[in-house]
Amino acid sequence: MHTLREIEERARAAADKPAPYGSDLDLAAYIDEAPERSYVDSLEQLEELGEEELARAGVVKSGRQRSGSFVQIDGSVVHRKALEKGLEILSTREALEKYDWLWGYYWKAVAVDSDKYTAAVEMGPYEGYFMRALPGSRTIYPLQACLYIREPRFVQRVHNIIIAEEGSELHIITGCASEHRIQAGLHLGVSEFYVKKGARITFTMVHNWAEGMDVRPRSGIVVEEGGLFMSNYVVMEPVRSLQLYPTARLVGEGATARFHAILVAQPGSEMDVGSRVILSAPRCSAEIVSRAITKGGYIAARGHIRGEVGGVRAHLECRGLILDERGVIHAVPELEGRAEDVDMSHEAAVGKIAQEEVEYLMARGLSEEEAVSTIVRGFLNVKIEGLPPLLEREMRRMMELSEEKAL
Amino acid sequence: MDTMRLGLGGGDLEEAREDKETVLRVEDLHVEVEGRRILHGVNLEIKCGETHVLFGPNGSGKTTLLMAVMGFPRYRVTRGRIFLGEEDITGLPPHERARRGIGIMFQRPPTVRGVSLAQIVALCSRDGVDVEGLAADLNLGDFLSRDVNHGFSGGEIKRSELLQLLAQDPRVVLLDEPESGVDMENLQLVGRAIRKLLQKDLRRRRTRCGLIITHTGYILDYVEADVGHVLCDGAIVCSGNPREQLEGIRRYGFEECARCTR
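Every chain is numbered on its own, with residues counted from 1 as its sequence reads. Just so you know, chain letters begin at A and ligand numbers begin at 1, following the order they were written in. The predicted origin of the model limits local features to residues at a pLDDT of at least 70 and limits the giving and counting of side-chain atom pairs to 80 or more, whereas totals for whole chains, interfaces and linings rest on all residues. Processing note: side-chain calculations cover all non-hydrogen atoms of the structure and skip hydrogens and water entirely.

1. Let's talk about the overall build of chain A
- Segments assigned H or I by DSSP are reported as helices when at least four residues long, segments assigned E as strands when at least two residues long, and all are numbered from the N terminus. Across its full length, chain A holds seven helices and 20 strands.
- The globule rule used for comparison is 2.2 Å times the number of residues to the exponent 0.38, while the radius of gyration itself is calculated over C-alpha atoms. Over its C-alpha atoms chain A spans a radius of gyration of 21 Å, differing by no more than 12% from the 22 Å that the globule rule assigns to 407 residues.
- The dimensions of chain A, computed from C-alpha atoms along their principal axes, are 70 × 55 × 45 Å.
- Burial statistics for chain A: of 407 residues in total, 60% are counted as buried.
- Residue contacts are defined here by distance: any two heavy atoms, one from each residue, within 4.5 Å place the two residues in contact. Intrachain contacts of chain A at a sequence separation of at least 6 include 84% that bridge at least 24 residues.
- A total accessible area of about 15900 Å² is found for chain A, and carbon and sulfur atoms account for 46% of it.
- When charges are counted, Lys and Arg are positive and Asp and Glu negative, with His and the chain ends excluded. We put the charge of a Lys on NZ, of an Arg on CZ, of an Asp on CG and of a Glu on CD. Taking the 48 positively charged and 63 negatively charged side chains of chain A as two groups, their mean positions are separated by 2 Å. Each residue is assigned to one of three classes by its accessible area relative to the maximum for its type, calculated with a 1.4 Å probe on protein chains only: buried under 20%, partly exposed between the two thresholds, exposed over 50%. Surface accessibility follows the Shrake-Rupley procedure with a 1.4 Å probe radius. Residue values consider only the protein chains on display as shielding.

Structure below.
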């Protein structure tokens, strides 16, 4: 196929192209070989990952209150199954074999030659998931996906394609995690989301990496008329370097994108996390909210909103709390108006905990430590509009799990 | 024995107070704020069940006295001592004082984002407090889920502070200008809550006592006080009947107050 050859060529040409943000990684330092893991028909038969390890990645081993699961360890898809009608889960390779039309979505939301990491996913042995909600299908329970790295120095290449067909709803809880003892490892994750007319996708992602891990997710989202994309991203545990800048393109009238990110950087962690929304149809709206806390690590919290046509609304909010003097928070909010009648705004604030607030709570009987912890939890307590109650509960539970260790 | 200087009409008062237990005692208190000496030699004794009011011109050190009693580190005690009952609490941090039974109503409390009024009330509540009921009494039912003090009006702030104090149930209540920024409608509600807080309508013996800073004296229309003090330039220059003091201050101003004791 002509286009496939073209994709290959573009990937090859970008093989050494550094990313605009984040430290530049030497891909030759990682290995592609990892032991083959065998497939299990039910999650409960999975011996490689225990309940607790899966829970760290937001995955319920019993599969209760989930409409399906996908688990990949290193380079092996060990489980994938949809439990409800109207939902499909396959590995991306399987799906590309099964559906010819899927090639029409392949590298369409993310450019294969974005940088050397997208190129490396295309050129290397990759896996990843394909999830699809059929037209009009709605499920109460979310799908869950887990991408796990166990093999030291392994580069995990993932290409996900997620499609919510017209009028459907797709809720996904996903976790990426690695063994804590891992000294080095690299996760390259391409995710392409397609939200069709009147459809909605909520994507709740928790990252639990290790001190030696480098992570480069690459996400692109296309939202059609009246569609909604919501991303809730939480990372609180150590990571060596993490850089992502997902970009949503709102191409249909009245489309909406919301990004929420909660970032906690431990000492030695380098995080460069942004969200971008391009509003190119009337009545589109976008919201980008981030809360960043450094306990000694570096955080760049970026946001970029581009209004290309009139009659769009967007807001960007970026707040940072410095809890350790070694820490750095660099907030970079950008608004780009390209039409007369755009309504875009941002607010950004970076600082330390106000002593006045600590003393206020101390006067109510909280010790200094308890007061600080209450204020910090409050800071991270962002109200997420439009998240179904079940997901909100799950999100809270996952955050509490991470908070216990991180704060 | 009595470190207080009793001014106008204080004669009978002293006798009536003798058999009651002292809850808060401030002895020769000197306080600095950021290197500036604000209080020099304040003496004060509040007995169980009593309400004291503190008058004084702006900058005389009224708020400093309350903050020092609460124990905020910015208000550094350079001399003197503070006792709660028999215990010397001069060196204790604010939360230890709060846990021992001192509660304060802030004049301008900060907003704590992401922490709801309900949460903060739960944090400071004694067991078995009917938070919803208290909130309903203070007309704050709809405010429980809101971030504490975020976008609250003057009256709402006062009511929220009083809700927290009622839940906390302290023995010593410190109120910093409870009537400031409150409209007439709210003032009644605030006055009623303070009466409740200070057990003014209790038939049994009161277990709480209070110290109220008032600039205007309006709060005295709602809450009777037992003793008044006038603070000028960091020292108490007059202690006595609060109504008579207020009358004197209204008529002659604080200058005269300071002069009369010389």
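2. Quick word on the interface of chain A and chain B
- Between chain A and chain B, the residue contacts involve 20 residues of the former and 29 residues of the latter.
- In this assembly, chain A packs against chain B so that about 1900 Å² is buried in total across both faces, 59% of it on carbon and sulfur atoms.
- Two parts placed together each lose some accessible area; with a 1.4 Å probe, that loss summed over both constitutes the buried area. Per-residue buried area on chain A facing chain B is highest for A:Tyr360, A:Ala363 and A:Arg364; these three make up 37% of the total on that side.
- What counts as a salt bridge is simple: a side-chain nitrogen of Lys or Arg found within 4 Å of a carboxyl oxygen of Asp or Glu. The tally of links between chain A and chain B comes to two salt bridges.
- Polar contacts here mean pairs of N or O atoms no more than 3.5 Å apart (in protein, one a potential hydrogen donor and the other a potential acceptor; neighbouring residues in sequence count only if both atoms are side-chain atoms). Between chain A and chain B we count 10 residue pairs in polar contact (both at pLDDT 80 or more) in total.
- Going through the elements one at a time, helix H5 (355-362) and helix H6 (368-380) of chain A are the ones with two or more residues in the side of chain A that touches chain B.
- For this classification, Asp, Glu, Lys and Arg are treated as charged, while Ala, Val, Leu, Ile, Met, Phe, Trp, Tyr, Cys and Pro are nonpolar and the rest, including Gly, are polar. Split by residue class, the side of chain A that touches chain B holds seven nonpolar, five polar and eight charged.

3. Examining helix H7 (residues 389-406) of chain A
Residues and elements named next belong to chain A.
- To estimate how far a helix should reach, multiply one less than its number of residues by 1.5 Å. Over its 18 residues, H7 runs 25 Å from end to end, which matches the ideal 26 Å to within 8%, given 1.5 Å per residue.
- Listed as buried for H7 are Leu 390, Leu 391, Glu 394, Met 395, Met 398, Met 399, Ser 402, Glu 403 and Ala 406.
- Packed against the buried residues of H7 are strand E7 (169-178), strand E9 (200-208), strand E11 (228-235), strand E14 (256-265) and H6.

4. Description of the packing of aromatic side chains
Residues and elements named next belong to chain A.
- Between 30 and 60 degrees the pair is tilted, below 30 it is stacked and above 60 it is edge-to-face, where a pair is any two Phe, Tyr or Trp rings, Trp via its six-membered ring, whose centres lie within 6.5 Å. Under the criterion given, the structure shown has 15 aromatic pairs over all chains.
- Members of the aromatic cluster, connected to one another through ring pairs, are Tyr 99, Trp 101, Tyr 105, Phe 130 and Tyr 194.
- One Lys or Arg, Arg 93, reaches over the ring of Tyr 126 and ends 4.1 Å from the middle of that ring.
- Only when the NZ atom of a Lys or the CZ atom of an Arg is both within 6 Å of the ring centre and within 35 degrees of the ring normal do we say a charge sits over the ring. In this structure, Arg 291 packs its charged tip against the face of Phe 379, placed 5.8 Å from the ring centre.

5. What about the environment of A:Gly378?
- The residue A:Gly378 is located in helix H6 in this model.
- Setting aside residues up to four positions removed in sequence, A:Gly378 forms contacts with B:Arg113, B:Gly114 and B:Val115.

6. Concerning the packing of helix H4 (residues 117-124) of chain B against helix H6 (residues 154-168) of chain B
Residues and elements named next belong to chain B.
- Where H4 meets H6, the axes come as close as 8 Å, and the angle between the chain directions of the two elements is 30 degrees. In terms of orientation, H4 lies roughly parallel with respect to H6. Note on packing geometry: the crossing formed by H4 with H6 is right-handed. Only Ser 160, Leu 163, Gln 164, Ala 167 and Gln 168 of H6 make contact with H4, whose side of the interface consists of Leu 117, Ile 120, Val 121 and Cys 124.
- Residue classes in the contact of H4 with H6 are distributed as six nonpolar, three polar and no charged. To obtain an axis, a line is fitted to C-alpha atoms, over the contacting stretch when the element is a helix, and the angle between two such axes runs from 0 to 180 degrees between their N-to-C directions. Throughout this description, any angle smaller than 35 degrees is read as roughly parallel, any larger than 145 degrees as roughly antiparallel, any in the 65 to 115 degree range as roughly perpendicular, and the remainder as oblique. With the far helix as reference, a near helix turned anticlockwise by less than a right angle produces a left-handed crossing, and one turned clockwise produces a right-handed crossing.

7. Considering the pattern of salt bridges
- With the rule as written, the count across this model stands at 47 salt bridges over all chains.
- For the salt bridge of A:Arg306 with A:Glu336, the shortest nitrogen-to-oxygen distance reads 3.4 Å. With a gap of 30 residues between them, A:Arg306 in strand E17 (residues 298-307) and A:Glu336 in strand E19 (residues 328-337) connect regions that are remote in the sequence.
- The salt bridge involving B:Glu45 is made with B:Lys47; its shortest N-O contact spans 3.6 Å.
- Looking at B:Glu45, the relative accessible area reads 14%, which means it is buried.
- For B:Lys47, a relative accessible area of 10% translates into the label buried.
- Each of A:Glu88, A:Lys98, A:Arg132, A:Glu165 and A:Lys196 takes part in a single network of salt bridges with overlapping partners.

8. Describing the sheet that holds strand E12 (residues 235-240) of chain B
Residues and elements named next belong to chain B.
- Pairs of strands are assigned from DSSP output, requiring at least two bridges between the strands. Spatially, E6-E9-E10-E3-E11-E12 is the arrangement adopted by the six strands of the open sheet, whose pairing is mixed. Of all the strands in the sheet, just strand E6 (102-105) and E12 have a single pairing partner and so form its edges. Along the sheet, successive strands turn relative to each other by an average axial angle of 20 degrees, direction set aside.

9. Looking at the side chain of B:Ser116
- With respect to the helices and strands, B:Ser116 occurs in strand E7 (residues 112-116).
- Filtering out sequence-adjacent residues up to four positions away, B:Ser116 remains in contact with B:Leu144, B:Ser145, B:Arg146, B:Asp147 and B:Val148.

10. A look at the sheet that holds E7(A)
Residue and element names in this part refer to chain A.
- Judged by pairing direction, the sheet is mixed, and its 10 strands sit side by side in the order E2-E1-E5-E7-E9-E11-E14-E16-E18-E20 without closing on themselves. The sheet is open, and its two edges are formed by strand E2 (76-82) and strand E20 (342-351), each paired on a single side. Mean inter-strand twist for the sheet, computed between neighbouring axes without regard to direction, equals 5 degrees.
- Sheet topology places strand E18 (residues 312-322) next to E20; 10 bridges connect them, and they run parallel.

11. Digging into the nonpolar core
- Ranked by size, the top nonpolar core spans 111 residues in total, and within it B:Leu29, B:Leu117, B:Leu163, B:Leu174, B:Ile194 and B:Val230 carry the most contacts.
- Leave out the neighbours within four places in its chain, and B:Ile194 touches B:Leu162, B:Leu175, B:Pro178, B:Ile212, B:Ile219 and B:Val223. The criterion is simple. A nonpolar core is a set of buried Ala, Val, Leu, Ile, Met, Phe, Trp, Tyr and Cys residues joined through side-chain atoms within 4.5 Å.

12. Quick word on the packing of H6(B) against helix H7 (residues 184-197) of chain B
All names here are of chain B.
- Packing of H6 against H7 brings their axes to within 10 Å, and their N-to-C directions diverge by 15 degrees. Taken together, the axes of H6 and H7 are roughly parallel relative to one another. Where H6 crosses over H7, the two elements pack in a sense that is left-handed. Taking contact as the criterion, the partners of Gly 155, Lys 158, Arg 159, Leu 162, Leu 165 and Leu 166 in H6 are, on H7, Asn 186, Leu 189, Val 190, Ala 193, Ile 194, Lys 196 and Leu 197.

By themselves, these figures tell us nothing about what the structure is for.
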